[in-house]
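For reference, the chains in residue letters:
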Amino acid sequence: MSLAALPSRATALRRVSVTARTAGAMLLDMLLPPRCAACDEAVERQGQFCFKCFGAARFIAEPACRCCGVPFENAGLAGPDRVCVECAAQPPAWRQARAAFVYGEFSRRLILPLKYGDRTEMAAVLGAHMARAGQRLLVGADVLVPVPLHRRRLRRRRYNQAALLCRALSRSTGVPFGLDVLRRVKATAPLAGLGGQDRLASLSGAIEVRETRRSVVAGRSVVLVDDVLTTGATASACAAALMAAGAASVDVLAAARTVRDG
Ligand SMILES: [Zn+2]
Ligand SMILES: [Zn+2]
């Protein structure tokens, strides 16, 4: 085969593979019709929500705190610097945080199956909404880094849900990821039920940047990825470790975040 023939063959092969993929997707749609990502209702395309679920979804949109991303009920509550009371009192270690959904009944239906039910395909669904919510953070991002699990928990669960979200985000945005940049050097008790200060104390010295991965973050704009942002204590510990390793900036992107209702 001549060298001149190579590009056209490559193009042809690419066309064949695209056609095969499209045919494959059509065949899959015939055998397994697309279902709503949050319930079992039939939808047009894989990954979509049905009409009812779309109505129930609590998407986070502006106006939101510039710093932690908590949504404000109206722009009047935001104040001139658009920072919430908590962030004004104690600025977090990261620059900006954004989340796709309010953590609640609806988003739990997407996140819990990913976290505990081996439904790893949910990462793509959540990743698409995270890409929308974190658009501004992702434009300037150099690398995506997941919040790490301790190796014992990783062994039990077999995968880190934040790493799966990183991969999904990287696929749709082209931003590279560094899955093993951060590590938990000590196992922490589950943080659920602990207040903000107790969480911070429990996490002190628990997370660090691996010595061999410092060059991945030094001088770079990092987007830290997690499934749920609660008090922000874990994200703060990660951000502090990344900044100490020389990161130029750390932003946080989560699938969902808790908000105080009422
Ligand atoms: Zn549905
Ligand atoms: Zn805030």
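Residues numbered from 1 in each chain as written. Chains lettered and ligands numbered in written order. Predicted model: local features only at pLDDT ≥ 70, side-chain atom pairs only at ≥ 80, totals over all residues. Heavy atoms only, no water.

Engineer: I tried to follow the coordination of the zinc ion (ligand 1) on my own but got confused; where do I start?
Structural biologist: Any two of four tetrahedral donors ideally make an angle of 109.5 degrees at the metal, while pairs among six octahedral donors ideally make 90 or 180 degrees. Distances from the zinc ion (ligand 1) to its protein donors, namely C36 (SG), C39 (SG), C50 (SG) and C53 (SG), fall within the range 2.3 Å. If you look at the zinc ion (ligand 1), its four donor atoms make angles of 104 to 115° with each other, and the shape they trace is tetrahedral. (Donors = N, O, S within 2.8 Å, 3.2 Å for Na, K, Ca; no water. Tetrahedral: all angles 85-135°; square planar, octahedral: opposite > 155°, others 65-115°.)

Engineer: Quick question: what am I supposed to make of the environment of P113 here?
Structural biologist: Within the element layout of this structure, P113 appears in helix α4 (residues 105–116). Here P113 is in contact with R108, D118, R119, M122 and Y159, once residues within four sequence places are set aside. (Helix = DSSP H or I, 4+ residues; strand = E, 2+ residues; numbered from the N terminus. Contact = heavy atoms within 4.5 Å.)

Engineer: Help me understand the confidence of the model for the protein chain, please; the structure alone is not making it clear to me.
Structural biologist: Parts of the model with low pLDDT should not have their predicted coordinates read in detail. Across the protein chain, the average pLDDT comes to 86, with 83% of residues at 70 or higher. The least confident element of the protein chain is helix α1 (residues 5–31), whose mean pLDDT is 57; the most confident is strand β2 (residues 143–146), at 98. In this model, residues 1–14 is a region of pLDDT below 50 whose contacts with residues beyond four sequence positions or in other chains number two contacts. ipTM for the predicted complex: 0.94, alongside a pTM of 0.84. (pLDDT = per-residue confidence, 0-100.)

Engineer: When you look at helix α11 (residues 233–244) in this model, what are you seeing that I'm missing?
Structural biologist: Quick reminder: α-helices carry 3.6 residues per turn. Residues three or four places apart thus point the same way. For α11, with twelve residues, the first-to-last C-alpha span of 16 Å sits near the 16 Å given by 1.5 Å per residue. Within α11, nine of the twelve residues are buried, which leaves the element mostly enclosed by the surrounding structure. Those residues of α11 lying buried are A233, T234, A235, S236, A237, C238, A239, A241 and L242. The first or second residue beyond α11 is G246, which carries a positive phi of 100°. (Expected span 1.5 Å × (residues − 1). Buried < 20%, exposed > 50% of the residue type's maximum accessible area, 1.4 Å probe, protein only.)

Engineer: Could you clarify how one ought to interpret the pattern of salt bridges in this entry?
Structural biologist: Think of it this way: side chains of opposite charge can pair up when their charged atoms draw near. Under the criterion given, the structure shown has eleven salt bridges. The salt bridge partner of E62 is R82, with a shortest N-O separation of 3.6 Å. A residue pair is termed long-range when its members are at least 10 positions apart, and E62 in the loop between α2 (51–56) and α3 (85–89) and R82 in the loop between α2 and α3 qualify at 20 residues. Judged by relative accessible area, E62 falls into the partly exposed class, the value being 42%. By relative accessible area, which is 30% here, R82 ends up partly exposed. Of the charged contacts in the structure, one is a salt bridge between R183 and E208, with a shortest N-O distance of 2.8 Å. Of the two residues, R183 is situated in strand β3 (residues 182–184) and E208 in strand β4 (residues 207–209); the sequence distance between them amounts to 25 residues. Sharing partners across several salt bridges, the network here consists of E62, R82, R98 and R136. (Salt bridge = Lys/Arg side-chain N within 4 Å of Asp/Glu carboxyl O.)

Engineer: Where do I start with the packing of aromatic side chains in this structure?
Structural biologist: The relative placement of two aromatic rings is captured by the distance of their centres and the angle of their planes. Summed over all chains, the structure comprises five aromatic pairs. Where F49 meets F101, the ring centres are 6.4 Å apart and the plane angle is 65°; that geometry is what we call edge-to-face. On the criterion of sequence distance, the pair formed by F49 in the loop between α1 and α2 and F101 in strand β1 (residues 97–102) is long-range, its members being 52 residues apart. Each member of the pair F49 and F101 is classed as buried. Here F49 and F106 contribute two aromatic rings whose centre-to-centre distance is 5.3 Å and whose plane-to-plane angle is 85°, an arrangement assigned as edge-to-face. Placement of the pair is F49 in the loop between α1 and α2 and F106 in helix α4, with a sequence separation of 57 residues. Taken individually, F49 and F106 each receive the classification buried, so the pair is uniform in this respect. A cation sits over an aromatic face here: R108 above Y103, 5.3 Å from the ring centre. (Phe/Tyr/Trp six-rings, centres within 6.5 Å; stacked < 30°, edge-to-face > 60°. Lys NZ or Arg CZ within 6 Å of the ring centre and 35° of its normal.)

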